[in-house]
Amino acid sequence: MSLGKAARSLVTPVRGALWASAWKRSYATAVSEAKAVLENELESIRAAGTWKAERIITSKQGPHINVDGSRGDILNFCANNYLGLSSHPEVVQAGIDALKTHGAGLSSVRFICGTQDLHKHLEQKLAEFHEREDCILYASCFDANAGLFEVLLGPDDAVLSDELNHASIIDGIRLCRAKRLRYKHMDLGDLETKLKEAQSARMRLVVTDGAFSMDGDVAPLQGICDLADQYGAMVFIDECHATGFLGARGRGTDELLGVMDRVHIINSTLGKALGGAAGGYTVGPKPLIDLLRQRSRPYLFSNSLPPPVVGCATRAVELLLASNDIAQSMTDKTMRFRDHMTQAGFTIGGSAHPICPVMLGDARLASVMADDMLKLGIYVIGFSYPVVPKGKARIRVQISAAHTDADIDRCVEAFIQTGRKHGVVS
């Protein structure tokens, strides 16, 4: 071996060791720096009083629950279980039956080997419920919103969106290439201005929540539909916080406001009033639903809804198709809470919706009051930025058809006691 080769044979392992050592230090430094960035961000959330702790429920969902760390029966006033169907015996049994007959899941997406008769039956029932031509199921309404706009709208189109629409709508619109115009919350004048700006577009789609989940207010659909007619636009509504209990038969805000034949597309969820498990859907014209089956990415690339979830949701829809008694019970209970709280001196957002935000403004106050309410046996949650705008912190209260008048009165009394403690009411 030459002297040069011998020297290189000695140096190469040393270089390799040095490189490996440097790589390890570089990697360790990168990880350490990333952790520091994350911890700083987490600490800023804690310091702002907006930390969102997850409480552990040790029972089934319902008006009465058990919470880890709390003693005794807890009244639940912060669930989207509007109709109390999450633990309804017939809904639960339908899920058990579907598990036995159709298994735990499909292990695939719909167009490969993931469509069962259960899925088609539920889609037919939902189309019937909303009085629309057809329906397509998704893993969630977030997915339904993510999958719609990119398929329906192109660069020659325009989408006009309420500024307080749900995050899933905002994200879905971001995926499409249409011209995007945002109008002020429920402001028909501003919507008309934006519609005038969009007149050169091939298609115009007005997009709004039917009922807004943070404030409990309902979109002015009659005025929106009038403007849509005047300026040649279609209307889309997200009905997650309306399906099952708004309107005389619980069909939603379009029924409540008398525009069922003027709203073209509806997205909604199975994960709230309709059994509370999971899943979402789109109902509308059959050509649109057919196109979504061909091109909607969340539909094409997500596993099918599990049969037990489909079974539960189907039974929930069947119960509502058979009777509107549950839906009609909501109004009196909602107004009982709103009236009693207003008389006590609290400011309640929205109007006539089971979402009854107790407006407080300060994020830390909302969090502390919610914790004090739990000590009194009432489960509510403080909402603050970024879930709601800065300075608009509140305690979210939701009334359920399963609550009794005594439950509601007990909740109000706890609010009064806690509100006096913190100087919110006298």
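What comes next is a walk through the structure. (Residues numbered from 1 in each chain as written. Predicted model: local features only at pLDDT ≥ 70, side-chain atom pairs only at ≥ 80, totals over all residues. Heavy atoms only, no water.)

Attention now goes to the pairing of strand β4 (residues 158-162). In summary, the side chains of a regular strand alternate between the two faces of the sheet. Counting buried positions along β4 gives five out of five residues, so the element sits mostly inside the fold. Both faces of β4 are covered, namely the face carrying Ala-158, Leu-160 and Asp-162 and the face carrying Val-159 and Ser-161. The pairing of β4 with strand β5 (residues 179-183) spans five bridges and is classified as parallel. What sits directly across from Ser-161, in β5, is Arg-182. With helix α6 (residues 167-175) bridging β4 and its parallel neighbour β5, the resulting β-α-β unit is right-handed. (Buried < 20%, exposed > 50% of the residue type's maximum accessible area, 1.4 Å probe, protein only. Helix = DSSP H or I, 4+ residues; strand = E, 2+ residues; numbered from the N terminus. Pairing = 2+ DSSP bridges. Right-handed = clockwise from strand over helix to strand, strands pointing away.)

Right, let's talk about unusual backbone geometry for a bit. Cis geometry is adopted by the peptide bond preceding Pro-386, which originates at Tyr-385 and carries an omega value of 10°. Mapped onto the fold, Pro-386 is located in the loop between β12 (381-383) and β13 (393-396). Although it is not a glycine, Glu-131 sits at a positive phi angle of roughly 60°. Mapped onto the secondary structure, Glu-131 falls in the loop between α4 (117-130) and β3 (134-138). Of the residues examined, Glu-131 reaches a relative accessible area of 46% and is grouped as partly exposed. Positive phi is not limited to glycine here, since Met-186 has a value of about 55°.

A few words on the pairing of β13. Side chains Ala-393 and Ile-395 of β13 all project onto a buried face; the interleaved residues Arg-394 and Arg-396 project onto the opposite face, where all are buried too. With three bridges connecting them, strand β10 (residues 358-361) and β13 associate as antiparallel partners. Looking across to β13, one finds that Val-358 is bridged to Ile-395. Note that β12 and β13 share three bridges and pair antiparallel. By the bridge assignment for β13, Ile-381 is matched with Arg-396.

Once that is clear, we can look at the sheet that holds β12. Strand pairing within a sheet occurs via backbone hydrogen bonds; the two strands may be parallel or antiparallel. The three strands are arranged β10-β13-β12 in an open sheet whose pairing can be described as antiparallel. Because the sheet does not close on itself, it has two edges, and the strands there are β10 and β12. Sheet twist, expressed as the mean angle between neighbouring strand axes with direction ignored, is 30°. Strands in contact with helix α14 (residues 363-375) are β10, β12 and β13; relative to β13, the strand with the most contacts, it is inclined by about 20°. (Axes fitted to C-alpha atoms, helices over the stretch in contact; angles between N-to-C directions. Contact = heavy atoms within 4.5 Å.)

Here we take up the packing of aromatic side chains. Overall, the coordinates contain five aromatic pairs when judged by the stated rule. Taking 6.1 Å as the distance between ring centres and 70° as the angle between the ring planes, the aromatic pair formed by Tyr-138 and Tyr-299 counts as edge-to-face. Taken as a pair, Tyr-138 in strand β3 and Tyr-299 in helix α11 (residues 297-300) lie far apart in primary sequence, 161 residues in all. Neither residue differs from the other here; Tyr-138 and Tyr-299 are each classed as buried. Taken together through their ring pairs, the aromatic side chains of Phe-337, Phe-346 and Phe-415 make up a single cluster. We note Arg-55 situated over the ring of Tyr-379; from NZ or CZ to the ring centre the distance is 4.9 Å. The aromatic ring of Tyr-385 is capped on one face by Lys-390, whose charged end is 4.8 Å from the ring centroid. (Phe/Tyr/Trp six-rings, centres within 6.5 Å; stacked < 30°, edge-to-face > 60°. Lys NZ or Arg CZ within 6 Å of the ring centre and 35° of its normal.)

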